[in-house]
Each structure stands twice: as C-alpha cells, then as structure tokens.
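# Topology and contacts: notes
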Amino acid sequence: MGSDALQIAGLLVGGIGMIGTFAVTGMPQWRVSAFIENNIIVFETIWEGLWMHCIRQANIRMHCKVYDSVLALSPDLQASRGLMCAGSVLSLLAFMVAITGTKCMRCTQSSWQAKGYISLVAGFLFILSGVVELIPVCWVASAIISDFYNPVVNVAQKRELGDALYLGWVAAFCLTAAGAIFCCFCCCCVKTRSYRYSTPNQYPTQSQHLHRKTECSYSKSQYV
C-alpha cells in the first residue's frame, strides 16, 4: 500500500513538472522591462521569451511578434531554446515510462523486478529533465542580473526576471523530486523482492500433507 502511494505521488509531482516545463517553454515572460531611473514608462511593458516578444500597453492591448531569426536572439536565449525543447521531450518521455511502470499495467503486474527497473529509468529521466531545464533558467537569470547591475548597459535595455523563470525553477524542482520518488520506489521493489526470496516457507505444501497422511495410514495398517 505504501509503494502504491509513493508511485502515485511520483506521477502527480512529475505531471506537474512536465506541464510546467511545457508552459515555461512557450511563455514570453522570460525577460520583463525594468522601470528604473528615468525609464518610468509604466504604460508599456515589454516581454521577451524564447519564441516571441510582446508589448503590452496600459494593461489593455498586447502585441506579440515571433522573432524573425534565431540569430537575433542573445546567446543565452539561443541555447535556452534547444535546452528547453530537450527538457520538454525528456519530461514527456519520463512521464510515459512512469505510467508504463505503474502496478495497474498488466504487462508488469507479476514482475516486481521489471517494475523496479522501469521506475529507475523513469526516475533517471525525470532527474535529467529537471537538470536540463534548470540550466537555461539559471543561465538567463544570471545574464539578466549581471546586465542589471552593469553600468555600461543602457537603462532602456535592462530587464528584470520574468514569471517564466520562477515557474521554471518550480517545474525543475518538481521533476527532480519526482525522479527521487521513483528511485525510492525502485529501492522498495528491490527490498520487497529480496525479502520474498529470503523468507522461508513455514507452511507445509499440499504434497507434504498427503505424504504425512499416507505414512500415518501405513503405520496404522502395519500395527493392525
């Protein structure tokens, strides 16, 4: 019963991390315009994402435009595109493997060892996807912070951390936690399997009962 709860918790946490990864990849709020010094135009907000940039005016109208070329992006955003796509694919693959290894599937219902190995693969994929997602999020955040405190950078070009970065940290944490849960489930499967093989059979089998009954009847007939 405890292993079932552990597996369900891993699926829920991993599913949240996978959905969050997809959302972070498509969100334009990676970089947000900063309002500092003379740059206090609060009626216009600029969002910069991996695929498009948006301009929101007075919280009413918003115009988004897809980037014309990948070369127009900064190096950190260019690398983040590929890493986030890889993280999305890995998280989806990990979730599918985790579903395959659940106890309700008929293909592995009678094999605890196979379930343990499948859960270990799912856990490794979840952890790998979390690390792959964490790299671009931290990279972009570090670039934003360094540019923000760099006096050489123009004030109008300075940006702040967007909502996508915070969501990316949460999603990466969920994926890593899901991987740890499935690795723990694999350890539980191995311990359960070893306990089953090491526990002696204390109850006599049906053949032993029949053998004892035959011996008793044979001894009684000899006595008579």
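Structural data are supplied above this passage.
Let me begin by describing the structure that accompanies this report.

How each quantity is defined
Residues numbered from 1 in each chain as written. Predicted model: local features only at pLDDT ≥ 70, side-chain atom pairs only at ≥ 80, totals over all residues. Heavy atoms only, no water. Disulfide = S-S within 2.5 Å. Helix = DSSP H or I, 4+ residues; strand = E, 2+ residues; numbered from the N terminus. Salt bridge = Lys/Arg side-chain N within 4 Å of Asp/Glu carboxyl O. Buried < 20%, exposed > 50% of the residue type's maximum accessible area, 1.4 Å probe, protein only. Patch = residues over 30% accessible without salt bridge, like charges linked within 9 Å, V, L, I, M, F, W, Y side chains within 5 Å. Areas by Shrake-Rupley, 256 points an atom, 1.4 Å probe, with all protein chains shown as cover. Contact = heavy atoms within 4.5 Å. Phe/Tyr/Trp six-rings, centres within 6.5 Å; stacked < 30°, edge-to-face > 60°. Lys NZ or Arg CZ within 6 Å of the ring centre and 35° of its normal. Pairing = 2+ DSSP bridges. Axes fitted to C-alpha atoms, helices over the stretch in contact; angles between N-to-C directions.

A complete count under the given rule lists one disulfide for this structure. Across a sulfur-sulfur distance of 2.0 Å, Cys-54 and Cys-64 are joined as a disulfide pair. For the disulfide bridge between Cys-54 and Cys-64, the dihedral angle about the S-S bond is near 110 degrees, and by the sign convention the bridge is right-handed. A residue pair is termed long-range when its members are at least 10 positions apart, and Cys-54 in strand β3 (residues 52-57) and Cys-64 in strand β4 (residues 61-66) qualify at ten residues.

Summed over all chains, the structure comprises three salt bridges. Note that Asp-76 is salt-bridged to Arg-31, the shortest N-O span being 2.5 Å. With a gap of 45 residues between them, Asp-76 in helix α2 (residues 75-100) and Arg-31 in strand β1 (residues 31-33) connect regions that are remote in the sequence. The pair formed by Asp-76 and Arg-31 is uniform in burial state, with each residue classed as buried.

This brings us to a nonpolar patch on the surface. A contiguous nonpolar surface patch, about 330 Å² in accessible area, is contributed by Ile-127, Val-131, Ile-135 and Trp-139. Examined against the element boundaries, Val-131 turns out to sit in helix α3 (residues 112-148). Val-131 sits in the partly exposed class, given a relative accessible area of 41%.

The subject of this paragraph is the environment of Trp-51. With respect to the element layout, Trp-51 can be found in the loop between β2 (44-48) and β3. With sequence-adjacent residues up to four places away left out, Trp-51 is seen in contact with Thr-25, Gly-26, Val-66, Tyr-67, Arg-81 and Cys-85.

Describing an aromatic ring pair means giving the distance of the ring centres and the angle of the ring planes. Using the criterion set out here, one finds three aromatic pairs in the structure. Aromatic side chains Phe-126 and Phe-182 sit 5.8 Å apart centroid to centroid with 15 degrees between the ring planes, which places their arrangement in the stacked category. With a gap of 56 residues between them, Phe-126 in helix α3 and Phe-182 in helix α4 (residues 163-198) connect regions that are remote in the sequence. In terms of burial, Phe-126 and Phe-182 fall into one category: buried. With a centroid separation of 5.3 Å and an interplanar angle of 80 degrees, the aromatic rings of Phe-148 and Tyr-149 are classed as edge-to-face. Taking the relative accessible area as the measure of exposure, Phe-148 reaches 22% and is therefore partly exposed. Given the relative accessible area of 64%, Tyr-149 is considered exposed. Lying across the ring of Phe-148, Lys-158 places its NZ or CZ 6.0 Å from the centre.

This next bit is on the sheet that holds β3. Within a sheet, neighbouring strands are paired by backbone hydrogen bonds and run either parallel or antiparallel to one another. With antiparallel pairing, five strands are arranged side by side in an open sheet as β4-β3-β2-β1-β5. At either margin of the open sheet sits one strand with a lone partner, and together these are β4 and β5 (159-161). Neighbouring strand axes in the sheet, compared pairwise and without regard to direction, differ in orientation by 25 degrees on average. In terms of strand pairing, β2 meets β3 through five bridges, oriented antiparallel. Along β3, the bridge assignment pairs Trp-47 with Cys-54.

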